Amino acid sequence: MSSSEQRYNIGDYVMHESAGVCRVAAIEELALQGKGSEKMYYQLLPVYHTDGQIITPVEDKNHRIRPVKSPEEMKSIMDHVGELDVVQERNERQRQEKLKAKMAEFEPSSLAGVVKTVYLRKKNRLKAGKKSMSVDDRILQQAGERLFEEMAFSMKTEISAVEKTFFSGLDSLSK
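Residues numbered from 1 in each chain as written. Predicted model: local features only at pLDDT ≥ 70, side-chain atom pairs only at ≥ 80, totals over all residues. Heavy atoms only, no water.

Novice: Can you break down helix H3 (residues 108-127) residue by residue, with the values?
Specialist: Look at H3: 28 Å from first C-alpha to last across 20 residues, which is about the 28 Å you get at 1.5 Å a residue. Along H3, the residues classified as buried are Pro108, Ser110, Leu111, Ala112, Gly113, Val114, Val115, Lys116, Thr117, Val118, Tyr119 and Leu120. Residues of H3 that are buried sit in contact with strand E5 (65-67), helix H1 (71-79), helix H2 (92-104), helix H4 (134-155) and helix H5 (159-173). Phi for Gly129, located one or two positions after H3, is positive at around 80°. (Helix = DSSP H or I, 4+ residues; strand = E, 2+ residues; numbered from the N terminus. Expected span 1.5 Å × (residues − 1). Buried < 20%, exposed > 50% of the residue type's maximum accessible area, 1.4 Å probe, protein only. Contact = heavy atoms within 4.5 Å.)

Here you go:
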């Protein structure tokens, strides 16, 4: 394997699209699809969900892993929460599709926009005496978990502290 194919080394921390922040524990050749299918794989150990491991190809055409963003990038998102894009869509199904597409971008600023959109919508519904929608709760939980874990890891702080700061910033927008 050439070094241009292998982007990460054992001990590096990466962001996995579904497992969150992970440590590269091993890089090994495996034949996951039977004899003759040998390929190089990263073995990733999730930092916040310690009950498993992720095996992903070193040659990842789907870009399931990327470097953890810098503390400066994360602080910039926190400092500019008011400028984050909000998904504006009246049609419920189309709004959900747009939010899922933003989540699939696999970037903290996109996830922050999703969290902002859903949080403010939920807040407005509750203020109007309406119930929170379960689909919104689910999207908020998924996007928030991915975003806040990466922010906390990058900024070397607790997830709860990042959540509190982020939501306080959103709450200050509506005052």
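Here the narrative resumes, following the displayed structure.
Novice: Which residues make up the pairing of strand E1 (residues 13-16), and what are the values?
Specialist: Pairing between E1 and strand E2 (residues 20-30): 4 bridges, direction antiparallel. Across the sheet, residue Met15 finds its bridge partner in E2, namely Val21. Turn length for the E1-E2 hairpin, with the two strands adjacent in sequence and antiparallel, is 3 residues. Note that E1 and E5 share 3 bridges and pair antiparallel. In the strand pairing of E5, Val14 is matched with Pro67. (Pairing = 2+ DSSP bridges.)

Novice: Outline the confidence of the model for the protein, listing residues and values.
Specialist: Low-pLDDT stretches of the model should not have their predicted coordinates read in fine detail. Taken residue by residue, the protein gives an average pLDDT of 90. The fraction at 70 or more is 96%. Mean pLDDT values over the elements of the protein span from 91, in strand E4 (residues 54-57), up to 96, in H1. (pLDDT = per-residue confidence, 0-100.)

Novice: Lay out the environment of Ser132 in plain terms, naming residues and giving numbers.
Specialist: Take Ser132: it is sitting in the loop between H3 and H4. Ser132 gets classed as partly exposed once you look at its relative accessible area, which sits at 25%. Taking the C-alpha atoms as reference, Ser132 lies 8.8 Å from Arg121; in sequence the two are 11 residues apart. Among residues more than four places away in sequence, those in contact with Ser132 are Lys122, Leu126 and Asp137. A distance of 2.7 Å separates polar atoms of two side chains, one belonging to Ser132 and the other to Asp137. (Polar contact = N/O pair within 3.5 Å; in protein donor to acceptor, adjacent residues only side chain to side chain.)

Novice: Tell me what's going on with the nonpolar core, and back it up with residues and numbers.
Specialist: Within the largest apolar cluster, 27 residues are counted, with the highest numbers of intra-cluster contacts made by Val115, Leu147, Phe148, Met151 and Phe166. Taken together, the elements giving at least two residues each to this core come down to H1, H2, H3, H4 and H5. Among the elements that make up this core, the one with the highest residue count is H4 (8 residues). Contacts of Phe148, omitting those with residues within four sequence positions, involve Val115, Ile159, Val162, Glu163, Phe166 and Phe167. Judged by nonpolar contacts, the second largest core, of 10 residues, contains Val24, Ile27, Tyr42 and Ile65. (Core = buried A, V, L, I, M, F, W, Y, C linked by side-chain atoms within 4.5 Å.)

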